[in-house]
Number of protein chains: 2
Amino acid sequence: MNDTAVTRIIADFVRAYPAGGLPEAVRHEAHRTFLNWLGCAVGGSRDETVDIALAALLPFSGAPEAHVLGRRERCDALHAALLNGIASHVFDFDDTHLRTVIHPAGPVASALLAFAEHCPTTGSAFIDALALGIEVECRIGNAVFPEHYDIGWHITATAGVFGAAAAVGRLLDLDTERMSWALGLAATQPVGLREMFGTMTKSFHPGRAAQNGMTAALLAARGYTSSIAAIEAKRGWANILSTGRRYAEITDNLGGDWQILSNTYKPFACGIVIHPAIDGCLQLRQRDLDPGAIERVSLKVHPLVLELTGKRDPQTGLEGKFSVFHCAAAALIEGDAGVKQFTERCVRDPAIVSLRNRVEAEIDPSLDSDAARVEIRMRDRAEHRVAIEHAIGSLARPMTDAQLEAKFRGLSSDILGVERCESLIRQAWHLGDTDDAARIARDAVPA
Amino acid sequence: MNDTAVTRIIADFVRAYPAGGLPEAVRHEAHRTFLNWLGCAVGGSRDETVDIALAALLPFSGAPEAHVLGRRERCDALHAALLNGIASHVFDFDDTHLRTVIHPAGPVASALLAFAEHCPTTGSAFIDALALGIEVECRIGNAVFPEHYDIGWHITATAGVFGAAAAVGRLLDLDTERMSWALGLAATQPVGLREMFGTMTKSFHPGRAAQNGMTAALLAARGYTSSIAAIEAKRGWANILSTGRRYAEITDNLGGDWQILSNTYKPFACGIVIHPAIDGCLQLRQRDLDPGAIERVSLKVHPLVLELTGKRDPQTGLEGKFSVFHCAAAALIEGDAGVKQFTERCVRDPAIVSLRNRVEAEIDPSLDSDAARVEIRMRDRAEHRVAIEHAIGSLARPMTDAQLEAKFRGLSSDILGVERCESLIRQAWHLGDTDDAARIARDAVPA
């Protein structure tokens, strides 16, 4: 039992945090998080997962006030939150709060941008709400991770719905009681069983969390009552959905440490365990070696790599994500492991198939999960080696702003064209200064 | 562990059940269930819970194709499922599957009628889908009750979403794989923590279950993939949301016994534990005794009655539901314990307050939960006694069709007028024969 008013404390924190008061590092990270999310949502927008959801749900959409990013369709803001949330997750390329494996932006940013299209919102209020929503989401995640995830809940959505509710509730200027109700209405709509992984329903989770969170805030704003102790009550969210609960993770040092500062971004469009090996291959490629002249690629990797991604002969783009051999070969030949390297075209490319048959991988239990060793032996007996201690994208070696921009271009320029893509990058970095946060949504569609 | 393909079996049953093949008793009970649900939804439609939900969500509604029962507003079918589901539960007056305490119609009928307004549906297909949806809902409930409820889940909505998905999936003519996906999309959206009881969010649960279930079926129909083993998988619904699981309750004797045959209907708008005492008071009232001449009312009741409804001096309509003393007095004076007896007007009525102060209640542990004894002593020393062995509305003494009609009139005639009310009763009994199931929705609003 715990008699701390956890829900009230976090609700009051979100409500009362001073406008424009975020520390500069937090503010900057919120912009990075947003840029990364926007690229993922635009990049994912042409996936059939989004096509199908649109076909099923557009007939029920309200006024076309909000944009489906990367596409020509528009819809009401609640559906936009769902659809953009789905799109942002289809490539598994979105941000990661490593401690909880939450992908924080999907639920929160999807709800916020859609809401900003419904109701005029300044960039400054938007960035505040984004950071505060992610704070709520990740702190609630911290309180129940790993038990909640181990039971089988997809924590991105089950914690994300709180973040979306808090963020939209902040923009709606809810008082503490109504903010608590919004969190209650969020708590009672937990989306996401891990059983759905490997199906389109996985991407449904962050989208529905965004939509449910926005719904919760809208209802609470009008006076729809709910529990004011939904997180910590005896029959509340944490007791029902987790076997472990550490409420101090939610309430301690609020405003002092910020979860968004430990948000990370993936440079490669596949599981994080293969990133060190890909990083090593890309670094060696910069030495101008000729892929055709490679005799053998030898990888030393963390034990999880072969357990999760040991597929020798992938045949589909999706299978390519589960093959460290394909990832190494594609990185060496094409110089990237982005969305284009996980397509049927790439996994069946004869040059890549040929090189991947010359990739060996060996477990080295002494390696950390973000480390790898890569050794390349050329036909002429020359050898190239690199040791990766912390892969790019890890907390110790975060992607730079320029690398995030490059990732954004890779995801969106084919869809939006170079000009819009560059304009969006500029807008995203200055989002906190604009009078109209929704403009970026209007510009994130084909001309 | 269990290797039975539970989800596939129930999906296939719903898909393959012969059109128009329901046993006559099942078909008739489906009509009774529908009539009862319709009255509750119309009767609840003026509650502020519905006002607030409408105010919050109508701005996001799509084309006004579906009716908010009992009101002038219209909205898209997904929102209608939500709003009518909320309205049908606000009085706690809806049907009860006693074994699981599921209120079956809320999620299933709310989804079906809204869907029928979106897509032409015959009455026969509607009645089949209603019975099949309730079958899925209550069997899944049987498999996890009481553990799932004891943990804290509001089983009406957590099981109801499967019923709504199955019922709409049936109307969409899904094949077994897509029906399984629909159940998967339902499983991953479980609404309803019991912590919300006592707030407006309780009524949100069956409404959201209806809306989520319809969404699940619509997505699956377009090919949105999901797990095909969502109920029984290792990280599926039953393992994550319950500590007990008896899958045979879902798969055994499908089409042989029908859960809807054990559906019950409340004659009184309060908790079922007080029903035997109210029943006794109403029976004695029929002896034409003068309430003003009563000296003392002595009740003998099941122990739960005083534990749950022992409030001596209620001040609000809601508090009246938790006072067996008020219920007895109101039944004796006004001849009913309907919605009107749980208003501030009634609980503060001087004659009722005076009589309630002369009601005594005593526990008798030998009584079953649907039994009571009522003894009335008049000022002239005359005594009247009745022994209720099975209260009206119990499985052993179900409400008659005529009593269900009277309940419907009590709930809807003030809102719709007598003429519409009588027309709806006729339409409801013949729902299975109509070409256009949606007509009843169009007529269930003020003229």
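Residues numbered from 1 in each chain as written. Chains lettered and ligands numbered in written order. Predicted model: local features only at pLDDT ≥ 70, side-chain atom pairs only at ≥ 80, totals over all residues. Heavy atoms only, no water.

Thoughts on a nonpolar patch on the surface
A cluster of nonpolar side chains, Leu 98, Ile 272 and Leu 395 of chain A, forms an exposed patch at the surface whose accessible area comes to about 240 Å². Its place among the elements puts Leu 98 of chain A in the loop between strand 3 (96–97) and helix 5 (105–118). (Patch = residues over 30% accessible without salt bridge, like charges linked within 9 Å, V, L, I, M, F, W, Y side chains within 5 Å. Areas by Shrake-Rupley, 256 points an atom, 1.4 Å probe, with all protein chains shown as cover. Salt bridge = Lys/Arg side-chain N within 4 Å of Asp/Glu carboxyl O. Helix = DSSP H or I, 4+ residues; strand = E, 2+ residues; numbered from the N terminus.)

Focus on the UniProt feature "domain: MmgE/PrpD N-terminal" (unreviewed entry) in chain A
In the numbering used here, UniProt assigns the feature "domain: MmgE/PrpD N-terminal" (unreviewed entry) to residues 9–247 of chain A. A distance of 11 Å separates the end C-alpha atoms of residues 9–247 of chain A, which is 62% helix and 3% strand. (UniProt positions renumbered as here; feature names shortened; annotations may be inferred.)

A closer look at the nonpolar core
Within the largest apolar cluster, 311 residues are counted, with the highest numbers of intra-cluster contacts made by Phe 34, Phe 162 and Leu 299 of chain A together with Phe 34, Phe 162, Met 214 and Leu 299 of chain B. Discounting residues that sit within four places of it in the chain, Phe 34 of chain B has contacts with Leu 113, Phe 126, Leu 130, Ala 428, Leu 431 and Ile 440 of chain B. (Core = buried A, V, L, I, M, F, W, Y, C linked by side-chain atoms within 4.5 Å. Buried < 20%, exposed > 50% of the residue type's maximum accessible area, 1.4 Å probe, protein only. Contact = heavy atoms within 4.5 Å.)

Section: the interface of chain B and chain A
Chain B puts 59 residues into the contact, and the matching count from chain A is 59 residues. Summed over both partners, the interface of chain B with chain A comes to about 4,700 Å²; 66% of that surface belongs to carbon and sulfur atoms. Of all residues in chain B, Phe 60, Tyr 224 and Arg 235 of chain B give up the largest surface area on contact with chain A, accounting jointly for 17% of the area buried on that side. For the interface between chain B and chain A, the tally reads zero salt bridges. Inspection of the chain B/chain A interface yields 22 residue pairs in polar contact (both at pLDDT 80 or more). Looking at the side of chain B that touches chain A, the elements that each hand over two or more residues are helix 3 (48–57), helix 4 (77–87), helix 7 (147–151), helix 9 (176–187), helix 10 (201–221) and helix 11 (237–241) of chain B. Considering each element in turn, the side of chain B that touches chain A owes the most residues, nine residues, to helix 10 of chain B. (Buried area = accessible area lost by both parts, 1.4 Å probe. Polar contact = N/O pair within 3.5 Å; in protein donor to acceptor, adjacent residues only side chain to side chain.)

Observations concerning the relation of the copies chain B and chain A
Laying chain B over chain A is done by rotating through 180° and shifting 0.0 Å along the axis; what remains is an RMSD of 0.1 Å. Viewed as a symmetry operation, the transformation between the two copies matches a two-fold axis. Across chain B, the smallest distance between a C-alpha and the rotation axis is recorded for Gly 62 of chain B, namely 1.8 Å. Both copies contact each other with a shared surface, as 100% of the interface residues of chain B are interface residues in chain A too. (Least-squares fit on C-alpha atoms with pLDDT ≥ 70 in both.)

Looking at the sheet that holds strand 6 (residues 359–363) of chain B
Residues and elements named next belong to chain B. The four strands lie next to each other as 6-5-7-8, forming an open sheet whose pairing is mixed. Of all the strands in the sheet, just strand 6 and strand 8 (383–388) have a single pairing partner and so form its edges. Neighbour-to-neighbour, the strand axes of the sheet open up by a mean angle of 15°, direction not taken into account. Sitting on the sheet, helix 13 (residues 275–285) touches strand 5 (294–301), strand 7 (372–378) and strand 8, and the angle it makes with strand 8 is about 140°. (Pairing = 2+ DSSP bridges. Axes fitted to C-alpha atoms, helices over the stretch in contact; angles between N-to-C directions.)

With respect to the sheet that holds strand 8 (residues 383–388) of chain A
Across a sheet, strands are paired by hydrogen bonds formed along the backbone, either parallel or antiparallel in direction. All names here are of chain A. Taken in spatial order, the four strands of this open sheet run 6-5-7-8, and their pairing is mixed. Each end of this open sheet is capped by a strand with a single partner; those strands are strand 6 (359–363) and strand 8. Neighbour to neighbour, the strand axes of the sheet diverge by 15° on average, direction disregarded. Sheet analysis places strand 5 (residues 294–301) next to strand 7 (residues 372–378), joined by seven bridges and oriented antiparallel. Bridge assignment links Val 297 to a residue of strand 7, and that residue is Ile 376. Packed on one face of the sheet, helix 16 (residues 324–334) meets strand 5, strand 6 and strand 7 and runs near 130° to strand 6.

A short note on the pattern of salt bridges
Residues and elements named next belong to chain A. Evaluated as defined, the whole model comprises 54 salt bridges over all chains. The salt bridge involving Asp 313 is made with Arg 356; its shortest N-O contact spans 3.2 Å. Of this pair, Asp 313 sits in the loop between helix 14 (303–309) and helix 15 (317–320) while Arg 356 sits in helix 18 (residues 350–356), placing them 43 residues apart in sequence. Look at the salt bridges and you will find they share partners, linking Glu 295, Glu 375, Arg 377, Glu 383 and Arg 385 into a network.

Re the domain arrangement of chain A
Residue and element names in this part refer to chain A. Here the domain parsing of chain A yields domain 1 (6–265 + 406–443) and domain 2 (272–388). Inter-centroid distance (C-alpha atoms) of domain 1 to domain 2 is 34 Å. Between domain 1 and domain 2, the contact holds five residues from the first and four residues from the second. Both faces considered, domain 1 and domain 2 share a buried interface measuring about 410 Å² in area, 64% of it formed by carbon and sulfur atoms. At the junction of domain 1 with domain 2, the criterion picks out one salt bridge. A salt bridge links Asp 414 to Lys 340, with the nearest nitrogen and oxygen atoms 3.4 Å apart. Applying the counting criterion to the domain 1 and domain 2 interface returns two residue pairs in polar contact (both at pLDDT 80 or more). Classifying every residue of the side of domain 1 that touches domain 2 by side-chain character gives four nonpolar, no polar and one charged. (Domains from an automatic or database assignment. Nonpolar A, V, L, I, M, F, W, Y, C, P; charged D, E, K, R; others polar.)

Re the environment of Gln 427 of chain B
Residue and element names in this part refer to chain B. Take Gln 427: it is sitting in helix 20 (residues 418–429). Gln 427 sits in the buried class, given a relative accessible area of 14%. When the C-alpha atoms of Gln 427 and Phe 322 are compared, they prove to be 35 Å apart, with 105 residues separating the residues in sequence. Look past the residues within four positions of Gln 427 in its chain and what remains in contact with it is Arg 439, Ile 440 and Asp 443.

Considering the packing of helix 2 (residues 24–44) of chain B against helix 5 (residues 105–118) of chain B
For any two helices packed against each other, one specifies the inter-axial angle together with the distance between the axes. All names here are of chain B. In the contact formed by helix 2 and helix 5, the axes pass within 10 Å of each other and the chain directions differ by 85°. Relative to helix 5, helix 2 is oriented roughly perpendicular. The residues of helix 5 that touch helix 2, namely those facing Thr 33, Phe 34 and Trp 37, are Ala 105, Gly 106, Ala 109, Ser 110 and Leu 113. Its residues assigned to classes, the contact of helix 2 with helix 5 shows five nonpolar, three polar and no charged. (Parallel < 35°, antiparallel > 145°, perpendicular 65-115°, else oblique.)

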